[in-house]
Amino acid sequence: MKPKNGTILKEVPVHEAIGLRLAHDLTQIIPGQFKGRLFKKGHVIEQNDISKLLDIGKEHIYIMELGEGELHEDDAAKRMAVALQGEGLQLSEPHEGKVSVKSALDVPAIAEIDPSIVHAINDLGEIALATLRTHAVVMPGRQLAATRVIPLVVPESKVQAVEELISSYRAQHEGQSPLRLKPLRKFRIGLLTTGGEVFSGRIEDKFGPAVRRIVEELGSEVMEQRFAPDERHIIVKEIHYLLQQSYDMIVVTGGMSVDPDDRTPAAIAESGAEIVSYGTPMLPGSMLLMGYLNGVPIMGLPGCVMHDPYTSFNVLLPRILAGDIITREDIVSMGYGGLNSC
């Protein structure tokens, strides 16, 4: 890419290049063995690089001299990422004007990102901040954001504007970064599967394995699975049993539709649970029930959890494991971006 005004490319003898920055990639070719980048653009020449440069026939190289008030893409991307760094975050080394912001936690977490800061940074032009959406699951070592500089050289004032935006945000939020991670707790979960066809053994239970897989991927555990027929008083009794075991969460599967013989939603309400919502504006997963029983999260899961890879259960469960209290407003907001069916 053509350098910006003020930046010049200059040819210098290789022995005089120590401490200077390469203006472009340099390739090494070893016939039959290797062909690839030996040094990347922006690399600062060191003493032990001289022999390698001579080995590829470079007695003179082009170096970059930045104009006043200009930054190389790697330096700019790193400064932006450093400004964003916070607890539980780690940064990659700059590469082609990009720095990745990753989770340094050893447990899964959800991302907490202020979109207004992301928009403000990207509105500056020539620089970019790409992030996951708030509440996205971030596994250990995975990215939640990346800083990027578009041209090879960028005015330092752009980066200073980013630093000022983030500094102002921190001043208003007790020093916190606009990029944060909220680690997931390990929940002990009680599972109740309803339905006469499963209770009697006529068909194999498919809910248990599906729920266990989703829960275990997030670091939690189904401690016990119980079964009940489609009889409301028995379902209520089993819910109370699971509550008495002091599990961190209760999950009830089966019988969640509006068919007259599906008794699960009414049984959850009869158990004394405070129902946040029966139904979500998300597909698949619209028939999910969210509530709290004596402060313990309780969910009624729709049948799609058995076979669809991403449902309303996958959206809400990580937030519950992170300690969020799910509200009616949270449920309402799921409709935007909530169409996931083929």
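Described in the following lines is the structure provided in the data block. Keep in mind that what you see is a predicted model, and the values were worked out from it rather than measured.

### Section: the overall build of the chain
Here is step 1 of the chain: The helix and strand tally for the chain stands at 10 helices and 20 strands.
Here is step 2 of the chain: Over its C-alpha atoms the chain spans a radius of gyration of 28 Å, topping by over 25% the 20 Å that the globule rule assigns to 342 residues.
Here is step 3 of the chain: Principal-axis analysis of the C-alpha atoms gives the chain an extent of 85 × 55 × 35 Å.
Here is step 4 of the chain: Burial statistics for the chain: of 342 residues in total, 44% are counted as buried.
Here is step 5 of the chain: Contacts in the chain between residues far apart in sequence, at least 24 positions, make up 67% of those at least 6 positions apart.
Here is step 6 of the chain: With the model as given, the accessible surface of the chain reaches about 17200 Å², and the carbon-plus-sulfur share is 50%.
Here is step 7 of the chain: Placing the 34 positive and 45 negative side-chain charges of the chain at their respective mean positions leaves the two points 2 Å apart.

### Considerations on the pattern of salt bridges
Here is step 1 of the chain: Applying the stated criterion across every chain yields a total of 15 salt bridges.
Here is step 2 of the chain: Of the charged contacts in the structure, one is a salt bridge between Asp324 and Lys182, with a shortest N-O distance of 2.5 Å. Separated by 142 residues along the polypeptide, Asp324 in the loop between α9 (312-321) and α10 (328-333) and Lys182 in strand β14 (residues 179-183) bring together distant segments of the chain.
Here is step 3 of the chain: By relative accessible area, which is 10% here, Asp324 ends up buried.
Here is step 4 of the chain: Put simply, Arg185 and Asp248 hold a salt bridge, and the shortest N to O gap is 3.8 Å. One end of the pair, Arg185, is in the loop between β14 and β15 (188-194); the other, Asp248, is in the loop between α7 (232-244) and β17 (249-253), with 63 residues separating them in the sequence.
Here is step 5 of the chain: Classification of Arg185 as partly exposed rests on a relative accessible area of 46%.
Here is step 6 of the chain: Three or more residues are tied together by salt bridges with common partners; here these are Lys182, Arg319, Asp324 and Asp330.

### Considerations on α9
Here is step 1 of the chain: Of all the 10 residues making up α9, nine are buried; the element is thus mostly covered by neighbouring parts of the structure.
Here is step 2 of the chain: Taken residue by residue, α9 has Ser312, Phe313, Asn314, Leu316, Leu317, Pro318, Arg319, Ile320 and Leu321 as its buried positions.
Here is step 3 of the chain: In the stretch just after α9, Gly323 is the one whose phi turns positive, near 95 degrees.

### Some points on the packing of aromatic side chains
Here is step 1 of the chain: Within this structure, the stated rule accounts for zero aromatic pairs.
Here is step 2 of the chain: Sitting over the face of the ring of Tyr241, Arg226 holds its NZ or CZ atom 3.9 Å from the ring centroid.

### Quick look at the environment of Glu217
Here is step 1 of the chain: Along the chain, the position of Glu217 falls in helix α6 (residues 207-217).
Here is step 2 of the chain: Apart from residues lying up to four places away in sequence, Glu217 is in contact with Pro108 and Met139.

### Topic: unusual backbone geometry
Here is step 1 of the chain: With an omega of -5 degrees, the peptide bond between Leu283 and Pro284 qualifies as cis.
Here is step 2 of the chain: Even without glycine at this site, Glu126 takes up a positive phi of about 70 degrees.
Here is step 3 of the chain: Considering the arrangement of structural elements, one finds Glu126 in the loop between α3 (115-122) and β10 (127-131).
Here is step 4 of the chain: A relative accessible area of 28% places Glu126 in the partly exposed class.
Here is step 5 of the chain: One non-glycine residue, Asn294, lies in positive phi territory at about 55 degrees.
Here is step 6 of the chain: For Asn294, the location among the structural elements is in the loop between β19 (289-293) and β20 (296-301).

Parameters and conventions
Residues numbered from 1 in each chain as written. Predicted model: local features only at pLDDT ≥ 70, side-chain atom pairs only at ≥ 80, totals over all residues. Heavy atoms only, no water. Helix = DSSP H or I, 4+ residues; strand = E, 2+ residues; numbered from the N terminus. Rg over C-alpha atoms; globule rule 2.2 N^0.38 Å. Buried < 20%, exposed > 50% of the residue type's maximum accessible area, 1.4 Å probe, protein only. Contact = heavy atoms within 4.5 Å. Areas by Shrake-Rupley, 256 points an atom, 1.4 Å probe, with all protein chains shown as cover. Lys, Arg positive; Asp, Glu negative; His and termini not counted. Charge placed at Lys NZ, Arg CZ, Asp CG, Glu CD. Salt bridge = Lys/Arg side-chain N within 4 Å of Asp/Glu carboxyl O. Phe/Tyr/Trp six-rings, centres within 6.5 Å; stacked < 30°, edge-to-face > 60°. Lys NZ or Arg CZ within 6 Å of the ring centre and 35° of its normal.

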